[in-house]
Amino acid sequence: MPKTIIAGNWKMNKNLAESVQLASEVVKVSGKASAGVELVVCPVFTHLEAVKEVIKGSAVKLGAQNCYPADSGAFTGEVSGSMLKAIGVEYVILGHSERRQYFHESNEFINKKVHHVLAHGMKPIYCVGELLEEREKGVTHQVVTEQINAGLANVTADQMKNVVIAYEPVWAIGTGKVASPEQANEVHILIRNLLVKLVGDAGKEVTIQYGGSMKPDNAKELLAQSEINGGLIGGAALKADDFLAIGSAK
Ligand code: PEP
């Protein structure tokens, strides 16, 4: 059975003091999450170290929101996987739709990041999902298939054990519009089949999160679907109680 992972993508929100405060509130409530559910918090780069100190000794894990696929060098403004690993980061969100949209990241470039993160012993949370116009044109499966095949190219079965997928229909992110549980699960089933095609049985163990306006009031129904194994949470991760409500919905 894939592990249930609920990850909070704090995006570019919260100053240092607020991040420390939110992390300590998450730690405080984390014991009430459902058994077997892993909680992950993903603050901005500059707050990773402080948040790491706060979650030390708890079951809450640390994630980053991006990284650059080179160890060091002339890449002004970027942060490498080895730098994140040294802080104690376990998960790295890659290919979020906001990075695809605003920073023009391609599947091929994200694939380099996936390999970089895996090479440094961390776990990529690889985001895929279609735009509204793609769903309306009926090409959701084509888009997601291309994202999975190109973004995960040359990932071995052994490495795939450390990969997490987040299916995030772009039209549902931050909009309050949620994919219906059935709509979401249909794409999760597609992703599961693609993973099995890529790496065989190891693909059955990969956690596939849903992301896109997941909230306390819809989490239970979404997480009850056969292939929804967790959530990547934006807005609702900014309040510890809401985050916990999702973490205890399964
Ligand atoms: C996200 O950006 O990953 C996300 C799912 O955001 P929200 O929950 O706010 O839709």
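Residues numbered from 1 in each chain as written. Predicted model: local features only at pLDDT ≥ 70, side-chain atom pairs only at ≥ 80, totals over all residues. Heavy atoms only, no water.

Undergrad: How would you sum up the overall build of the protein? Please name residues and give values.
TA: Of the regular secondary structure elements, the protein holds eleven helices and eight strands. What you see for the protein is a C-alpha radius of gyration of 17 Å, in line with the 18 Å of a compact globule of 250 residues. Considering only C-alpha atoms, the protein reaches an extent of 45 × 45 × 35 Å along its principal axes. Here the protein holds 250 residues, and the buried ones make up 54% of them. Counting only contacts in the protein whose residues sit at least 6 apart along the sequence, the fraction spanning at least 24 positions is 70%. (Helix = DSSP H or I, 4+ residues; strand = E, 2+ residues; numbered from the N terminus. Rg over C-alpha atoms; globule rule 2.2 N^0.38 Å. Buried < 20%, exposed > 50% of the residue type's maximum accessible area, 1.4 Å probe, protein only. Contact = heavy atoms within 4.5 Å.)

Undergrad: Describe the environment of A150, listing the residues and the values that go with them.
TA: As for its position among the elements, A150 is in helix α7 (residues 140–151). For the pair A150 and A236, spaced 86 residues apart in the sequence, the C-alpha separation amounts to 30 Å. Apart from the residues lying within four places of it in its own chain, the contact partners of A150 are N107, E108 and N111.

Undergrad: Before we move on, can you summarise unusual backbone geometry with the specific residues and values?
TA: Positive phi is not limited to glycine here, since K14 has a value of about 75°. Within the secondary structure layout, K14 lies in the loop between β1 (4–9) and α1 (16–30). For K14, a relative accessible area of 28% corresponds to the partly exposed category.

Undergrad: Outline the sheet that holds strand β7 (residues 207–211), supporting the account with residue identities and numerical values.
TA: Spatial strand order, β1-β2-β3-β4-β5-β6-β7-β8: eight strands in a closed barrel with parallel pairing. Taken pair by pair, the neighbouring strands of this sheet meet at an average axis angle of 25°, ignoring direction. Inspection of the sheet shows β1 paired to strand β8 (residues 230–233) by four bridges, in the parallel sense. When the bridges of β8 are listed, I6 appears paired with G231. (Pairing = 2+ DSSP bridges. Axes fitted to C-alpha atoms, helices over the stretch in contact; angles between N-to-C directions.)

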